[in-house]
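Residue strings, one per chain:
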Amino acid sequence: MKPRILISRSPESSGLYEAAVERAGGEPLSFHCPDLEMDFDGLILAGGGDMDPEEFQELNLGSVEIDKPRDQAELALVSRCINEGKPLLGICRGHQVVNIALGGTIYQDLKEPFRSAHAQTPEGASVSHPIQTAVYTMLDELYGSQLVVNSSHHQAVFKFGLGMYRTAWDENGIVEAMQHGSLPIWTVQFHPEQMTGEDGGPDGQKIFDYFLEQCRKRCGF
């Protein structure tokens, strides 16, 4: 029996998340604004536009591509995962959604010199940079103390949500990954679904494999 993994994504998602879940042995259920009553064993919050700053009681100071229905759906899904103990993986936008859902805040628009090290190029290409991982965390277990990741974001975690702590950061202290102290929640600011390992860099599939294994353990598969 395969774990059923709900993927909450943007309407124009490329299918890479679904392929990664299938390679890890899961059954992807992929939707924009999923039905909140769906049956699933684990949740992936995928990348996309920015959250509405009203969700963390701020004026708009640079947030773009806001999708309010998606915000509401994903905040409710995070709450459900917390209440039911379901594993949750947040990626890029999802990294920030989880943090906000737990009462945290974000930098709405990184300024220089941080922005050029993290945001897409004018041509729309991702940049890459090294990050440091914390010991005894998912990323440390999978990749060791350092790895190079892709980067295509202009926002970043500021105040941590309740129970979340950083598990990776760049040379300037920008938070690149978090996990929860007691719940099965992991988040990354980068895009592991795009990291194939074919260029000599790290293989992002390891993160999906790890996540699916946690889902199996929770479900007793």
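Residues numbered from 1 in each chain as written. Predicted model: local features only at pLDDT ≥ 70, side-chain atom pairs only at ≥ 80, totals over all residues. Heavy atoms only, no water.

**Student:** So what's going on with a negative patch on the surface? Which residues, and what values?
**Tutor:** Among the surface-exposed residues, E198, D199, D203 and D209 lie close enough to one another that they form a single negatively charged patch. Note that E198 resides in the loop between strand 11 (185–188) and helix 6 (205–219). (Patch = residues over 30% accessible without salt bridge, like charges linked within 9 Å, V, L, I, M, F, W, Y side chains within 5 Å. Areas by Shrake-Rupley, 256 points an atom, 1.4 Å probe, with all protein chains shown as cover. Salt bridge = Lys/Arg side-chain N within 4 Å of Asp/Glu carboxyl O. Lys, Arg positive; Asp, Glu negative; His and termini not counted. Charge placed at Lys NZ, Arg CZ, Asp CG, Glu CD. Helix = DSSP H or I, 4+ residues; strand = E, 2+ residues; numbered from the N terminus.)

**Student:** Quick one: what's the story with the environment of Q179, residue by residue and with numbers?
**Tutor:** Note on placement: Q179 falls in strand 10 (residues 175–180). For Q179, a relative accessible area of 11% gives the class buried. Remark: the alpha-carbon pair of Q179 and H95, spanning 84 residues in sequence, is separated by 9.7 Å. If near-sequence neighbours (up to four positions away) are discounted, Q179 is found in contact with T137, M138, G163, M164, Y165, T167, I185 and W186. (Buried < 20%, exposed > 50% of the residue type's maximum accessible area, 1.4 Å probe, protein only. Contact = heavy atoms within 4.5 Å.)

**Student:** Let's hear about the packing of helix 1 (residues 16–23) against helix 6: which residues, and what values?
**Tutor:** A pair of packed helices can be characterised by two numbers: the angle between their axes and the separation between those axes. One can describe the packing of helix 1 onto helix 6 by two numbers: an axis separation of 9 Å at closest approach and a directional angle of 60°. In terms of orientation, helix 1 and helix 6 fall into the oblique class. In this structure, helix 1 crosses over helix 6, and the sense of that crossing is right-handed. Contact with helix 1, carried on its side by Y17, A20 and R23, involves Q205, F208 and D209 of helix 6 and no other residues of that element. For the contact of helix 1 with helix 6, a count of residues per class yields three nonpolar, one polar and two charged. (Axes fitted to C-alpha atoms, helices over the stretch in contact; angles between N-to-C directions. Parallel < 35°, antiparallel > 145°, perpendicular 65-115°, else oblique. Left-handed = near helix turned anticlockwise from the far one by under 90°. Nonpolar A, V, L, I, M, F, W, Y, C, P; charged D, E, K, R; others polar.)

By themselves, these observations are geometric and do not establish any function.
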